[in-house]
Amino acid sequence: MTDDEPLVFEDFPEADPDRVRPFVYEDERGVALHFEISAIQSRMRRDDPYALDLDYTRAMMGFLLFVPEPRSMLMVGLGGGSLPKYCHRHLAGVDITVAEINPHVIALRDEFLVPPDGERFRVLCADGADVVAQPGAPVDVLLVDGFNYDGQPEALCTQRFYDDCRARLADAGVMVVNLHADHEQCAAIVERIERSFEHRLVVVGAEAGGNLIAFAGRDCPPRGGAAELRRRLEALPALHRETLRAGAGRLLRAVAAA
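Residues numbered from 1 in each chain as written. Predicted model: local features only at pLDDT ≥ 70, side-chain atom pairs only at ≥ 80, totals over all residues. Heavy atoms only, no water.

**Focus: the nonpolar core**
Met 61, Phe 63, Met 73, Leu 143, Phe 215 and Leu 251 are the most contacted members of the largest nonpolar core, which has 52 residues in total. Examining the composition of this core, we find that four residues originate from one element, helix α9 (residues 245–257), more than from any other. Non-local contacts of Leu 251, meaning those with residues more than four positions away in its chain, are made with Gly 62, Leu 65, Phe 66, Val 202, Val 204, Phe 215 and Leu 229. By size, the runner-up hydrophobic cluster in this structure holds 26 residues, among which are Leu 156, Tyr 162, Cys 186 and Ala 214. (Core = buried A, V, L, I, M, F, W, Y, C linked by side-chain atoms within 4.5 Å. Buried < 20%, exposed > 50% of the residue type's maximum accessible area, 1.4 Å probe, protein only. Helix = DSSP H or I, 4+ residues; strand = E, 2+ residues; numbered from the N terminus. Contact = heavy atoms within 4.5 Å.)

**Some points on empty space enclosed by the protein**
Per the counting criterion, the structure on display carries two cavities of 30 Å³ or more. The computed volume of the largest cavity comes to approximately 40 Å³. Surrounding the largest cavity, Val 144, Gly 146, Phe 147, Gln 152, Leu 156, Cys 157, Val 177 and Asn 178 form its lining. For the lining of the largest cavity, a count of residues per class yields five nonpolar, three polar and no charged. Counted as a void, the second largest cavity has a volume near 30 Å³. Lining the second largest cavity we find Arg 166, Leu 169, Ala 170, Gly 173, Phe 197, Gly 217 and Arg 218. Tallied by class, residues from the lining of the second largest cavity come to three nonpolar, two polar and two charged. (1 Å grid on protein atoms, 1.4 Å probe; cavity = no way out; pocket = protein on both sides within 12 Å on 5 of 7 lines; lining within 4 Å. Points joined across faces, edges and corners; volume = space filled by probe spheres on them. Nonpolar A, V, L, I, M, F, W, Y, C, P; charged D, E, K, R; others polar.)

**Some points on the packing of aromatic side chains**
Per the stated rule, a full pass over the model turns up two aromatic pairs. Each ring, one from Phe 66 and one from Phe 215, has its centre 5.7 Å from the other, and the planes form 35°; the classification is tilted. Placement of the pair is Phe 66 in the loop between α1 (55–60) and β4 (72–76) and Phe 215 in strand β10 (residues 211–216), with a sequence separation of 149 residues. Owing to a relative accessible area of 1%, Phe 215 belongs among the buried residues under this scheme. One cation-aromatic arrangement involves Lys 85 over Tyr 50; the distance from NZ or CZ to the ring centre is 5.5 Å. Above the ring of Tyr 50, the side-chain terminus of Arg 89 is found at 4.0 Å from the ring centroid. (Phe/Tyr/Trp six-rings, centres within 6.5 Å; stacked < 30°, edge-to-face > 60°. Lys NZ or Arg CZ within 6 Å of the ring centre and 35° of its normal.)

**Some details on the layout of surface pockets**
Counted as a void, the second largest pocket has a volume near 290 Å³. If you go around the second largest pocket, you meet 16 residues; those closest to its centre are Ala 51, Leu 52, Arg 58, Glu 242 and Thr 243. Every element with two or more residues in the lining of the second largest pocket is listed here: α1, α2 (82–90), α8 (238–243) and α9. Across the lining of the second largest pocket, the residue classes tally to six nonpolar, three polar and seven charged.

**Description of the sheet that holds strand β8 (residues 169–180)**
Here seven strands make up an open sheet; going across it, the order is β6-β5-β4-β7-β8-β10-β9 and the pairing mixed. Looking at which strands have only one partner, the edges of the open sheet turn out to be β6 (121–125) and β9 (201–205). With direction set aside, neighbouring strand axes in the sheet form an average angle of 15°. Judged from the five bridges that link them, β4 and strand β5 (residues 95–100) form a sheet pairing that is parallel. (Pairing = 2+ DSSP bridges. Axes fitted to C-alpha atoms, helices over the stretch in contact; angles between N-to-C directions.)

Here you go:
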């Protein structure tokens, strides 16, 4: 492979979208992860590598309004590591496991300053659906942001997967899923999440990029509604309030309208 041939399918009997080799695009502003040049998977700012540069990632951090001080987090999909490295840096004591099926994505972790594996942070090269289904300690936060070259893998969209997600959550835990609004089965996927979580669900749009973010859990929406979420937002540290500024407003409006 040459530098101008970044997209490579490994030697499988059939091309495997879960193992397409991504590439890194750099400019003065930042570093981005791509499977194809027209779609950004992840982006890191040079002036603040731990900031959440893409709006949908800031929207996903809305989980802090449901679980302000998580102790455990499981994430499906590493990408450029924006969410797990933000959480590792700014949420004291949280234990983070990330499942990433594509070894070529994991191989780029140093390019995006993803923390090394350690006592409270680890990246597994594994199918996220399998990891979620495995017996294990309940987690406070389950983030699902798994995409391959073809989009959202089928294994991360099934009724069984969302049932497994609910079973893996702690009683007060929350699942957050990044969805593409223009995916032909997006509405059906949302319905599956509703069934698995007995309609304890809030869906908000990201500011750009066509993303929908679904929050699901027993406390979603909370008993106190938008007023309770606003109280929790005001109680967060200033850094998190700034990170959530736009996304929290959309979440509050969605809860108020529910």
